[in-house]
Amino acid sequence: MIAIIGGGICGLGIGWRFAQAGEAVTVYDRGTAGMEATWAAAGMLAPQAEAEHGEEALLPLALESRAMWKDFAAELLAATGVDVDYREEGTMVVGLDRDDVEHLEHRFSYFQSLGLDVEWLSGYEARKREPHLARAVGGAVYSALDHQVDNRKVAEALRAAFLAAGGTLRENVEVTGVSTAGGRISAIDVQDGTVTTDAVVLAAGAWSRNLAGLPEISRPPVRPLKGQMVAVQMEPQMPLIETVIWGPGNGVVPSIYLAPKSNGRLIIGATVEEMGFDTGLTAGGIMELLRLAWDVLPGIYDLPLVESWAGLRPASRDDAPILGPTPTPGLFLATGHHRNGILLAPLTAKAICDCVRNGEVGSSIKPFLLDRFEKPVAVNV
Ligand code: GLY
C-alpha cells in the first residue's frame, strides 16, 4: 500500500497516477483535500513571465510541466466532466512609469537570452490587446504561451478523478508520524491507529517539515510563506481583461498579478510574507493589493469585492521543489513547490509515480532531489 500525506494538487495528482496504474493508494488530508495552498492559488501557468534571475535550473522543469497542462486538463475533463477552465489568452507583464519600463526592458532581454518566446509591446499595443489597462502603461512583455487554469476547479476534478480511479481518500485524518523498520519506512501513524505501508509520499505542502518520526536526514527544509489575495467580480460576458496581467509591486507585494477566470472572478495577488503559519488578513496587505491592481487596471474600482483570503506557499531554501527519493528507503518527497504548485503538478504527479514504481529518478527531477541541500563536507588539509 502507498500512503500519500497531503491531499493538495500534488498529493491528489500523484495519487491519481498511482490509482490509474492499479496501485492500492490512500491520500490522507488533515482537513478537506485541496483546501490549502491549492485553493489559495491563482492558477497561473507562467514559467516565461515569471522567470527570475538565479532560478534558471527551475525553468526546464517548469516549461516541461507547462507543456503537459493542456492534456492534463483534457484528461481531467474526460475522467470527471469537470472543466478546469484552461485559458490560452496568455500573460502580459506591464510597466507603468519610466523606471518600470526600463526594468521591464532588462527583463525582456533576459527572457530573450533564455530563448523564451516573448514579445515586446508598446503601451499602445498593450492597450490594444487589453483596452482597460491604465493609460500609464508604457510598455509590456507578452507571453502567448503562459496560460492559466481555475485552480479550485482543478482541486475538484482531481479529487473526483482520484476516487473514480479507485484511490482511497481519508479526510480530516491527521498523520501524526511515520515509523521505520531497519531504516526503511514501514508505517504511518494516524489518529485511529497504525497503517503498514510499502511507500510514503510526503506532499504536505508547508507542513511537510513537521511530521513526527521523520529521520532528520530525510526532513525537507520547507517553510510557510504567506500570501494574501482578494477577488473581485467582473461581468462574465464583459470582462475587464482576458489576459493574465502582472504589474509592478512594492515591499510586501513584490509584483501584482490579476488572473481573470471565465466565470468573471478576477483574482488579485499576492503578498509574500514570512509569518510562520499565520493566515490572518491585514488592512495593509489588502490595501496594497487593491492599490497596485488599481494602478494597472483602474476599472476594478467599481467591482464587487467578493473574497479575501490567505494561503501558505511551501517554500524551500532555494525556492525550487523537493522531489523524489530520500535517504530513507520507501520515503519520497513532493513538496517545496513555492509559487509553482499548480504549474508543476502534472509533471510532479508523473515523475513521482514513475519514480516510486520503477525505482528510477527521471532526468527532469534529478536536480531537485533533497540531497542538493547537503552541506559540503569540510576537508582538513
Ligand atoms: N503563484 C502565485 C503566488 O505565489 O502568489
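The preceding data block contains the structure.
Because the structure is a prediction, the values reported are computed rather than measured.

Undergrad: What exactly am I supposed to notice about the sheet that holds strand 5 (residues 119-122) here?
TA: Strands in a sheet are paired, the pairing made by backbone hydrogen bonds, and the direction either parallel or antiparallel. Across the sheet, eight strands lie side by side as 5-6-4-14-15-16-13-17; this open sheet has mixed pairing. Looking at the sheet topology across the chains shown, the edges are occupied by strand 5 and strand 17 (305-316). On average, adjacent strands in this sheet sit at an angle of 25° to one another, irrespective of strand direction.

Undergrad: I would appreciate a short explanation of a negative patch on the surface in the present structure.
TA: A cluster of like negative charges, contributed by Asp-97, Asp-99, Glu-102 and Glu-105, occupies part of the molecular surface. Within the secondary structure layout, Asp-97 lies in the loop between strand 4 (91-95) and helix 4 (98-113). Judged by its relative accessible area of 45%, Asp-97 is partly exposed.

Undergrad: When you look at the pattern of salt bridges in this model, what are you seeing that I'm missing?
TA: When their charged atoms lie close together, side chains carrying opposite charge are able to pair. According to the stated counting rule, one finds 18 salt bridges in the structure shown. Between Asp-278 and Lys-226 there is a salt bridge, with its nearest N and O atoms 2.7 Å apart. With Asp-278 in the loop between strand 16 (265-269) and helix 7 (283-296) and Lys-226 in strand 13 (residues 222-233), this pair connects stretches of sequence that are 52 residues apart. Residue class for Asp-278 comes out partly exposed when judged on its relative accessible area of 31%.

Undergrad: What am I meant to see in the state of the cysteines here?
TA: Note on terminology: disulfide describes a covalent bond linking the sulfur atoms of two cysteines. Applying the stated criterion to the full structure yields zero disulfides. Its sulfur unpaired, Cys-10 is 13 Å from the next cysteine sulfur, which belongs to Cys-353. Taking the relative accessible area as the measure of exposure, Cys-10 reaches 8% and is therefore buried. In this structure Cys-353 is not part of a disulfide, and its nearest cysteine sulfur, from Cys-355, lies 9.7 Å away. We classify Cys-353 as buried; its relative accessible area is 6%.

Undergrad: Hey, could you run me through the sheet that holds strand 10 (residues 184-190) in this one?
TA: Read across the sheet, three strands follow the order 9-10-11 without closing on themselves; strand pairing throughout is antiparallel. The open sheet has two edge strands, strand 9 (175-181) and strand 11 (193-196), and neither has a second partner. Across the sheet, the mean angle separating the axes of adjacent strands is 30° when strand polarity is ignored. Judged from the six bridges that link them, strand 9 and strand 10 form a sheet pairing that is antiparallel. Bridging from a neighbouring strand, Ala-181 pairs with Arg-184 of strand 10.

Undergrad: What should I look at first to understand the packing of helix 1 (residues 9-20) against helix 3 (residues 58-80) in this one?
TA: Axes are the key here: two packed helices are described by the angle between their axes and the distance separating the axes. The N-to-C vectors of helix 1 and helix 3 enclose an angle of 65°; their axes lie 14 Å apart at closest approach. Classified by the angle their axes make, helix 1 and helix 3 are roughly perpendicular. Helix 1 and helix 3 meet at a crossing whose hand is left-handed. Where helix 1 abuts helix 3, its residues Ile-9, Trp-16, Arg-17 and Gln-20 lie against Trp-69, Phe-72, Glu-75, Leu-76 and Ala-79.

Undergrad: Can you walk me through the pairing of strand 10 in this structure?
TA: Every regular strand shows the same layout, with side chains that alternate between the two sheet faces. Linking two consecutive strands that pair antiparallel, namely strand 9 and strand 10, is a turn of two residues; a positive phi of about 60° is found at Gly-182 within it. As judged from the four bridges shared by strand 10 and strand 11, these two strands associate in the antiparallel manner. Bridge pairing in strand 11 links Ala-187 to Thr-196. In this antiparallel pair of consecutive strands, strand 10 and strand 11, the connection spans two residues.

Undergrad: Is there a simple way to think about unusual backbone geometry in this case?
TA: Backbone geometry follows two general trends: most residues other than glycine have a negative phi, and most peptide bonds adopt the trans configuration. Here the amide bond leading from Gly-269 into Ala-270 is cis, since omega sits at -15°, within 30 degrees of zero. You can see Ala-270 is positioned in the loop between strand 16 and helix 7. For His-338, which is not a glycine, the phi torsion comes out positive at approximately 55°. Structurally, His-338 is set in the loop between strand 19 (331-335) and helix 8 (341-358). Using a relative accessible area of 12% as the deciding quantity, one classes His-338 as buried.

Thresholds applied
Residues numbered from 1 in each chain as written. Predicted model: local features only at pLDDT ≥ 70, side-chain atom pairs only at ≥ 80, totals over all residues. Heavy atoms only, no water. Pairing = 2+ DSSP bridges. Helix = DSSP H or I, 4+ residues; strand = E, 2+ residues; numbered from the N terminus. Axes fitted to C-alpha atoms, helices over the stretch in contact; angles between N-to-C directions. Patch = residues over 30% accessible without salt bridge, like charges linked within 9 Å, V, L, I, M, F, W, Y side chains within 5 Å. Areas by Shrake-Rupley, 256 points an atom, 1.4 Å probe, with all protein chains shown as cover. Salt bridge = Lys/Arg side-chain N within 4 Å of Asp/Glu carboxyl O. Lys, Arg positive; Asp, Glu negative; His and termini not counted. Charge placed at Lys NZ, Arg CZ, Asp CG, Glu CD. Buried < 20%, exposed > 50% of the residue type's maximum accessible area, 1.4 Å probe, protein only. Disulfide = S-S within 2.5 Å. Parallel < 35°, antiparallel > 145°, perpendicular 65-115°, else oblique. Left-handed = near helix turned anticlockwise from the far one by under 90°. Contact = heavy atoms within 4.5 Å.

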